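# Structural description and commentary
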2 protein chains.
Amino acid sequence: MQRKILLFGAGKSASYLIDFFVQQENYLLSMVDPAGEQVLNRYPGNERLQLLEVNINESAQVLEAMKQHDLVISMLPAAMHPLIARYCLQAEKSLFTASYVSEEMRSLDAEAKSKGLLFMNEVGLDPGIDHMSALLLLDTLRKDGAKITGFYSYTGGLIAPESDTNPWHYKFTWNPRNVVLAAQGGLAQLKENGRYRFLSYNQVFRQIKQFDLGDWGRFEGYANRDSLAYRSLYGLEDAETMIRGTLRGEHFCSGWDFLVQLGLTENHTVIHFDQEPGAAEFLESFLPGHGSMQEKIQTYLGDNTTNSLMSQLAQLGLYDNQYRFKRKSGTPAEFLQELLEDKWKLEAHDKDMIVMLHRVNYHLNGKTRTVESRLRVIGHDQTFTAMAQTVGLPLAYAAEAYLNGAYHASGVHVPNDPALYAYILQRLSSDGIVFEEHEISHL
Amino acid sequence: MQRKILLFGAGKSASYLIDFFVQQENYLLSMVDPAGEQVLNRYPGNERLQLLEVNINESAQVLEAMKQHDLVISMLPAAMHPLIARYCLQAEKSLFTASYVSEEMRSLDAEAKSKGLLFMNEVGLDPGIDHMSALLLLDTLRKDGAKITGFYSYTGGLIAPESDTNPWHYKFTWNPRNVVLAAQGGLAQLKENGRYRFLSYNQVFRQIKQFDLGDWGRFEGYANRDSLAYRSLYGLEDAETMIRGTLRGEHFCSGWDFLVQLGLTENHTVIHFDQEPGAAEFLESFLPGHGSMQEKIQTYLGDNTTNSLMSQLAQLGLYDNQYRFKRKSGTPAEFLQELLEDKWKLEAHDKDMIVMLHRVNYHLNGKTRTVESRLRVIGHDQTFTAMAQTVGLPLAYAAEAYLNGAYHASGVHVPNDPALYAYILQRLSSDGIVFEEHEISHL
């Protein structure tokens, strides 16, 4: 029997998901995306992949399209999911997303349940694979009799070593706007050694953890959103430590913190220049002091001046006005994003990389132990990226499990049911997406 | 002929305004304020002062009350003014406020004009007396042929020297919430020596100016909101420097910056403790590091540790848990406000103080000169404060000038018309609210 899937958003992150359904005879995949033409071009003559012209603000069009399909997947920006979910309630279709459950999404739980619909969220990479792999790891430890005392989990969408050519160790493999606005959604909340910890935006990129992952390189992790909210999902209400975070290459955080502290990532205030400014002119308008740019930066930083920061600023062209902005007005974040999209552009031959790391502290047989579980995925090319693979495939496998009856539920969910995550992790391991585990010795 | 005035909000800042109207036979003043009873008690048996029971969310009640009066004054929190202004449009009454013109208020300009109504705003202290005194000063200089090159203006609601008993040199003489959330409304914007400057919340309390005002003491000024927006009001489009700011006592800004940097003023995220925390426990949850509170603070501050900061934190009781919060949950700003209201409470005998300072750089007869104009007002007691006098009297005089025909206009305005500000400044000088001017010598 042919299953019909309606996909909203067929951009960068969707390539593997699309490919998964296209490669199988029993699926028909319809895409709603103004830029979907280029996806069609990858599969010439394939009649099981089609592009629908649907204006998502026209409810009649959306409902008509939904009614002709068995299931909806949305890879649109997270803010659009409540809208799509409301359409799904009307059209009585289940919905799958890789985004965090918002308050608004959560509020639809009862209605979804009453209609027997599943609204499955957080089934991508982070959130997604992180939840599922952590739950499996914690389950296994608990079955052995371990008492979990601490949980750390970090994920990063990074650049493969062979493409790592700048002192930020970063290029955009993901929505640049999300990167520029990262950590602006409120305090990061976590618990460490029994103490609640709240990190303001000023502190997030300063209070970081450093990880030396041997062959994989050196990384830094900054705290991500509200880790405390995930204690119940992981059954870690009593754990002394609970931290979820984002992984970046070495020195990234101190460089980014420089931009944050000066206000270059601020996105509420529209500033105006008399003419389109140069890069140095833009930076200067945020820097106190007098003299040359070098002198201003030295005065501002004092003893905190580092070689890595100096070369990071040079890489962004912030010492001179060679880079000219295309705008005179905008929020600082909009100016910064324009510059970064130029300087952190993924080149044609570049490959991306995903790194995920869990560390779990536990007591077993009177001993204190730590296990580390880690995953690295390197992208194939600019279309078939590690990001698209690790975000899209869990979503695809979740939808598959639901359609073939391997998993059933109704209401608003995240993938915390062993029946679902075991299925998805099993499928991912066949794709080579496998975690390495090892014990870390205690001093 | 008796003039009837409807006043929304009869709190702390309204005492002088109420007294002004009550002392004159030809006014009837009606107050809408749930706590208005205590104001009535100050004027026993006075039939020209009355309290109305009006629910401002019930339009019928509000419109009925407005229709029985000649003019409306609002001393409610600024966020309520658009609501009151819309009622005024319906009831066809003019409105006077001491608050900044919001975008929403500005959008009512055409309708107010078409109905011949005046919506006069920014006619308090800051904004208010600052605009009017600066305009008079600039006008006078320009008439002498001066070319203005720089303008600095700072205002502070402070504590009188005889009541200045803590290392912050500050107590609450004004809405505590506004003090805790100061500078959180977006980047501060200014121009200094020809260069645009944008200050993020992280930078505002660091990039400060110091003022030694001799007998009046030492002060610090931090940049306030968007100074650039006031260039056209002051005719300073071409000036090299344009800065408006807030004045605080010496060392206040570095102490406050410590709280800001750690996130203690954050007002978006609700945090939860297992029990009502003590003051030290609250601070600790924002501090990195290990060891005692002293050690954590030393580690965090490094070389930036100062005696003034240490004594400021001690004054707030942040080194121990003697102070217990009355709440388990709330935003950091809500926790902080609770503590500060306890520690920065105005005592019965305390007097407040207003200090305002303008500095103007100008060229005249081939010379570069600077004139300083400054004002100090010390409060009478806890009811008749300097704040209430300098906020309320300009508002009262503006309403008086409008009612007696000395000033007429329609639409949304600030007091930039010489006919109005000359009138108000003249009335204020009779109250002893007089600026001192002197030339500052250039090196």
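What counts as what
Residue numbers restart at each chain and count upward from 1, following the sequence in its written direction. Following the order in which they are written, the chains are lettered starting with A and the ligands numbered starting with 1. Given that the model is predicted, a residue must reach a pLDDT of at least 70 before its local features are reported, and side-chain atom pairs must reach 80 or more before they are shown or counted; all residues, however, enter totals for whole chains, interfaces and linings. Values reported for side chains reflect all heavy atoms of the structure, with hydrogen atoms and water molecules removed beforehand. Start and end positions for the domains come from either an automated domain assignment or a database one. Throughout, a residue-residue contact means that at least one pair of heavy atoms, one from each residue, lies within 4.5 Å. Each of two parts loses accessible area, computed with a 1.4 Å probe, when they are put together; buried area is these two losses added. Where helices are involved, their axes are fitted lines through C-alpha atoms of the stretch in contact, as for all axes, and angles between N-to-C directions lie from 0 to 180°. Comment: elements are numbered from the N terminus, with helices defined as DSSP H or I runs of at least four residues and strands as E runs of at least two. Each angle receives one of four descriptions, namely roughly parallel if under 35 degrees, roughly antiparallel if over 145, roughly perpendicular if within 65 to 115, and oblique otherwise. Left-handed describes a crossing whose near helix is turned anticlockwise from the far helix by less than a right angle; the clockwise case is right-handed. Any residue outside Ala, Val, Leu, Ile, Met, Phe, Trp, Tyr, Cys, Pro, Asp, Glu, Lys and Arg is labelled polar, Gly included; the first ten of those are nonpolar and the last four are charged. Throughout, the protein atoms alone are placed on a 1 Å grid, and a set of points is a cavity if a 1.4 Å probe fits but cannot get out or a pocket if it is open with protein on both sides within 12 Å along at least five of seven lines; lining residues have an atom within 4 Å of a point. Grid points are joined across faces, edges and corners, and a volume is the space filled by probe spheres set on the points. For this analysis, a salt bridge means a side-chain nitrogen from Lys or Arg found within 4 Å of a carboxyl oxygen belonging to Asp or Glu. Within 3.5 Å is the distance limit for a polar contact, defined as a pair of N or O atoms, with the added protein rule that one can donate a hydrogen and the other accept it, and that residues adjacent in sequence qualify only through two side-chain atoms. Definition of nonpolar core: a set of buried residues of the types Ala, Val, Leu, Ile, Met, Phe, Trp, Tyr and Cys, connected through side-chain atoms within 4.5 Å. Accessible area is worked out with a 1.4 Å probe on protein chains only. A residue is then buried under 20% of its type maximum, exposed over 50%, and partly exposed in between. Two strands qualify as a pair provided DSSP detects at least 2 bridges between them. Relevant arc is that of directions from the helix axis to the C-beta atoms, nothing else. When two rings of Phe, Tyr or Trp (its six-membered ring) have centres within 6.5 Å they constitute a pair, described as stacked for plane angles under 30 degrees, edge-to-face for angles over 60, and tilted for the intermediate range. In this comparison the copies share one frame, found by least squares on the C-alpha atoms of residues holding pLDDT of at least 70 in both.

### Section: the domain arrangement of chain A
Residue and element names in this part refer to chain A. Here chain A is partitioned into domain 1 (3-123 + 384-432) and domain 2 (129-378). On a C-alpha basis, the centres of domain 1 and domain 2 stand 29 Å from each other. Contact with domain 1, which involves 18 residues of that partner, is made by 22 residues of domain 2. Counting each side, the surface lost to burial between domain 1 and domain 2 is near 1700 Å², with a carbon and sulfur contribution of 70%. Together, Tyr-100, Met-387 and Tyr-421 form the three largest contributors to the area buried by domain 1 at its contact with domain 2, with a combined 36%.

### Looking at the packing of helix H13 (residues 293-301) of chain A against helix H14 (residues 307-315) of chain A
All names here are of chain A. The N-to-C vectors of H13 and H14 enclose an angle of 140°; their axes lie 13 Å apart at closest approach. By the angle between their directions, the pair H13 and H14 is classed as oblique. The handedness of the crossing between H13 and H14 is right-handed. Listed contacts from H14 to Gln-294, Ile-297 and Leu-301 of H13 are Leu-309, Met-310 and Leu-313. In terms of residue class, the contact of H13 with H14 is built from 5 nonpolar, 1 polar and no charged.

### Regarding empty space enclosed by the protein
The full count for this structure, using the stated rule, is 2 cavities of 30 Å³ or more. Of the pockets and cavities examined, the largest cavity occupies roughly 30 Å³. Considering only residue class, the lining of the largest cavity consists of 4 nonpolar, 4 polar and no charged. Considering only enclosed or pocket space, the second largest cavity measures out at about 30 Å³ in volume.

### Quick word on the interface of chain B and chain A
Taken together, the contacts link 34 residues of chain B with 34 residues of chain A. Counting the surface lost from both chain B and chain A, the interface buries some 2700 Å², and carbon and sulfur atoms represent 46% of this. The three residues of chain B that bury the most area against chain A are B:Arg195, B:Tyr196 and B:Phe198, which together make up 22% of that side's buried surface. Taken together, chain B and chain A are joined by 0 salt bridges. Remark: the boundary between chain B and chain A carries 26 residue pairs in polar contact (both at pLDDT 80 or more). Among the secondary structure elements, those contributing two or more residues to the side of chain B that touches chain A are strand E9 (195-199), helix H9 (201-204), helix H10 (252-262), strand E13 (271-272) and helix H12 (293-301) of chain B. Counting residues per element, the side of chain B that touches chain A draws most heavily on E9(B), which supplies 4 residues. Partitioning the side of chain B that touches chain A into residue classes produces 13 nonpolar, 14 polar and 7 charged.

### Description of the nonpolar core
All names here are of chain B. Core analysis: the largest hydrophobic core is formed by 100 residues, its most contacted members being Ile-18, Ile-73 and Phe-119. By residue number, the principal contributor to this core is helix H15 (residues 386-403), which donates 13 residues. Three or more residues apiece are contributed to this core by two domains, here domain 1 (3-123 + 384-432) and domain 2 (129-378).

### Section: the sheet that holds strand E3 (residues 49-51) of chain A
Residues and elements named next belong to chain A. Spatial strand order, E3-E2-E1-E4-E5-E6-E17: 7 strands in an open sheet with parallel pairing. Each end of this open sheet is capped by a strand with a single partner; those strands are E3 and strand E17 (411-413). Ignoring which end each strand starts from, the neighbouring axes of this sheet average 20° apart. Bridge count between strand E6 (residues 118-120) and E17: 3 bridges; the pairing is parallel. Bridged to Met-120 within E17 is His-413.

### Observations concerning the environment of B:Ile354
Residue and element names in this part refer to chain B. Within the fold, Ile-354 resides in strand E15 (residues 352-364). Classification of Ile-354 by relative accessible area gives buried; the value is 0%. Expressed as a C-alpha distance, the spacing of Ile-354 and Gln-2, which sit 352 residues apart in the sequence, is 34 Å. Setting aside residues no more than four positions away along its own chain, Ile-354 makes contact with Leu-125, Gly-156, Gly-157, Leu-375, Arg-376, Val-377, Ala-386, Met-387 and Thr-390.

### Quick word on H13(A)
Within the sequence span of H13(A), burial applies to A:Met293, A:Lys296, A:Ile297 and A:Leu301. Around the axis of H13(A), the buried residues are gathered within 120° of arc, so they sit on the same side. Next to the buried residues of H13(A) lie helix H11 (252-262), helix H12 (279-284) and H14 of chain A together with E9 of chain B. Of the residues flanking the end of H13(A), it is A:Gly302, one or two places downstream, whose phi is positive at about 55°.

### Points about the sheet that holds strand E3 (residues 49-51) of chain B
Residue and element names in this part refer to chain B. Here 7 strands make up an open sheet; going across it, the order is E3-E2-E1-E4-E5-E6-E17 and the pairing parallel. Of all strands in the sheet, those bounded by a partner on one side alone are E3 and strand E17 (411-413). On average, each strand axis in the sheet is inclined to that of its neighbour by 20°, with strand direction left out of account. Sheet topology note: the strand E2 (residues 27-32)/E3 ladder contains 3 bridges and is parallel. Counterpart to Met-31 in the pairing with E3 is Leu-51.

### Focus: the packing of aromatic side chains
Residues and elements named next belong to chain A. Applying the stated criterion to the full structure yields 60 aromatic pairs over all chains. Plain terms: the ring middles of Phe-21 and Tyr-27 are 4.8 Å apart, the flat faces sit at 70° to each other, and that makes the pair edge-to-face. By relative accessible area, Phe-21 is classed as buried at 1%. With relative accessibility at 5%, the residue Tyr-27 sits in the buried group.

### A word on the relation of the copies chain B and chain A
A rotation about some axis, followed by a shift along it, carries one copy of the chain onto the other. Of the transformation placing chain B onto chain A, the axial shift is 0.1 Å and the rotation is 180°, giving an RMSD of 0.1 Å. Expressed as a symmetry operation, the mapping of one chain copy onto the other fits a two-fold axis. Across chain B, the rotation axis passes nearest the C-alpha of B:Asn202, at a separation of 3.6 Å. Interface overlap between copies is the fraction of interface residues in one copy that are interface residues in the other; for chain B against chain A it reaches 100%, indicating a shared surface.

### Details of the environment of B:Thr306
Residues and elements named next belong to chain B. As for its position among the elements, Thr-306 is in the loop between H12 and helix H13 (307-315). In this structure Thr-306 comes out as partly exposed when scored by relative accessible area, which is 34%. Linking Thr-306 and Gly-186, residues 120 residues apart in sequence, is a C-alpha distance of 29 Å. Side-chain polar atoms of Thr-306 contact the backbone nitrogen of Leu-309, separated by 3.1 Å.

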